[in-house]
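Architecture and fold: a report
As a plain string of letters, each chain reads:
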Amino acid sequence: MNTPIRLLLADDHPVVRAGLRAVLDTEPEFAVVAEAATAELAVNRAAAGGVDVVLMDLQFGPGMHGSEATAAISALPHAPRVLVLTTYDTDADILAAVEAGAAGYLLKDAPPEELAAAVRTAAAGRSALAPAVAHRLMDRMRTPSEALTKRELEVLQLVGDGLSNLQISKELFLSQATVKSHLVHIYAKLGVDSRTSAVATARSRRLIRG
């Protein structure tokens, strides 16, 4: 009998973890070996070894973000593969996860067979992207001059969260002049002339979260 693919479920909602476990337990080649309710615990458990694929949520409330945990896990020696499983399909989230080293990006409403296929693909060392996610990445590649950079998306997400330029500069360790420069580029790319319009346009295009 083949060695099962060992899975770590990282999500702060017990009901979600239970649902994932129920779905994955129906696949004989999968073995859910651990769960983590925080991103920090997920990193620690992955570092302990014995895991092949981590199913990683992005949002954990206070503390480490899922993309940060993905980067920490991906940097480990003999790192397990990280498959992001989230409700968010914005450019900001997708880029952060892919840059952090995620092997795949799937939405939580994916059917069970798609989830199982993504786990197998990630475990085999290949990229497993939801079709909608792959489409968004392809669109960015086709029009690179119009696409917001990862840093611009980070700045705009914080604007959308209600932060001032000073607060954004502290959050991202940038000067206020740099933040203003990013906003100028953002306005030009989106064809807008205010913070409010930039946020509204970005949300309508699903570049940042609402």
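These remarks concern the structure in this document. Being a predicted model, the structure only gives us computed values, none of them experimental.

**As for the overall build of the protein chain**
Looking only at helices and strands, the protein chain has 10 helices and six strands in total. Rg of the C-alpha trace for the protein chain: 18 Å, near the compact-globule value of 17 Å for 210 residues, within the 12% margin. Once the C-alpha set of the protein chain is aligned to its principal axes, its extents read approximately 60 × 30 × 30 Å. Across the 210 residues that make up the protein chain, the buried fraction comes to 44%. For the protein chain, restricting intrachain contacts to residue pairs at least 6 apart in sequence, the fraction spanning at least 24 positions comes to 62%.

**Points about helix α6 (residues 131-142)**
Between its terminal C-alpha atoms α6 stretches 16 Å, which fits the 16 Å expected from 12 residues at 1.5 Å a residue. Among all positions of α6, only Val133, Arg136, Leu137 and Arg140 are buried. Viewed along the axis of α6, the buried residues span an arc of 95 degrees, placing them on a single side of the element. Counted as exposed and oriented over 90 degrees from the buried face of α6: Pro131, Met141 and Arg142. On its buried face, α6 is in contact with α4 (91-100), β5 (104-107), β6 (128-129) and α7 (150-160).

**A look at the side chain of Thr70**
Relative to the elements of secondary structure, Thr70 occurs in helix α3 (residues 66-74). Only 2.8 Å separates the side chain of Thr70 from the backbone oxygen of Gly66, close enough to count as a polar contact. Ignoring sequence-local partners within four residues, the contact set of Thr70 consists of Met56, Val82, Val84, Ala97, Ala100, Gly101 and Ala102.

**Focus on empty space enclosed by the protein**
Counting across every chain of the model gives one cavity of 30 Å³ or more. What the largest cavity holds in volume is close to 30 Å³. As for the largest cavity, its lining consists of Ala10, Asp11, Val16, Leu20, Leu55, Met56, Asp57, Leu85 and Lys108. Breaking the lining of the largest cavity down by element, the ones donating at least two residues are α1 (14-24) and β3 (53-56).

**Re the packing of α7 against helix α8 (residues 165-172)**
Remark: α7 packs on α8, axes separated minimally by 10 Å, with the N-to-C direction vectors making an angle of 130 degrees. Taken together, the axes of α7 and α8 are oblique relative to one another. Note on packing geometry: the crossing formed by α7 with α8 is right-handed. Contact residues: Arg151, Glu154, Val155, Leu158 and Val159 in α7; Ile168, Glu171 and Leu172 in α8.

**Let's talk about the sheet that holds β5**
Read from one edge to the other, the open sheet built from six strands follows the order β2-β1-β3-β4-β5-β6, with strand pairing classed as parallel. Of all strands in the sheet, those with a lone pairing partner are β2 (30-36) and β6, marking the two edges.

**Examining the environment of Met138**
You can see Met138 is positioned in helix α6. Through-space distance from the C-alpha of Met138 to that of Val51 is 31 Å; in sequence the pair is 87 residues apart.

**What about the layout of surface pockets?**
In this structure, the largest pocket occupies an estimated 720 Å³ of space. As for the largest pocket, its lining consists of 22 residues, of which His65, Ser67, Ala96, Glu154 and Gln157 are closest to the centre. Put simply, the parts of the chain that give the lining of the largest pocket at least two residues each are α3, α4, α7 and α8. Partitioned by chemical class, the residues of the lining of the largest pocket number eight nonpolar, six polar and eight charged. Of the voids in this model, the second largest pocket is the one considered here, and its volume is about 280 Å³. If you go around the second largest pocket, the residues you meet are Asp91, Arg136, Asp139, Arg140, Thr143, Glu146, Ala147, Leu148, Lys189, Leu190, Arg205 and Leu207. Counting only elements with at least two residues in the lining of the second largest pocket, the list comes to α6 and α9 (176-190). Residue contributions to the lining of the second largest pocket peak at three residues, all from α6. Class assignment for the residues of the lining of the second largest pocket results in four nonpolar, one polar and seven charged.

The rules behind these values
- Residues numbered from 1 in each chain as written.
- Predicted model: local features only at pLDDT ≥ 70, side-chain atom pairs only at ≥ 80, totals over all residues.
- Heavy atoms only, no water.
- Helix = DSSP H or I, 4+ residues; strand = E, 2+ residues; numbered from the N terminus.
- Rg over C-alpha atoms; globule rule 2.2 N^0.38 Å.
- Buried < 20%, exposed > 50% of the residue type's maximum accessible area, 1.4 Å probe, protein only.
- Contact = heavy atoms within 4.5 Å.
- Expected span 1.5 Å × (residues − 1).
- Arc of directions from axis to C-beta.
- Polar contact = N/O pair within 3.5 Å; in protein donor to acceptor, adjacent residues only side chain to side chain.
- 1 Å grid on protein atoms, 1.4 Å probe; cavity = no way out; pocket = protein on both sides within 12 Å on 5 of 7 lines; lining within 4 Å.
- Points joined across faces, edges and corners; volume = space filled by probe spheres on them.
- Axes fitted to C-alpha atoms, helices over the stretch in contact; angles between N-to-C directions.
- Parallel < 35°, antiparallel > 145°, perpendicular 65-115°, else oblique.
- Left-handed = near helix turned anticlockwise from the far one by under 90°.
- Pairing = 2+ DSSP bridges.
- Nonpolar A, V, L, I, M, F, W, Y, C, P; charged D, E, K, R; others polar.

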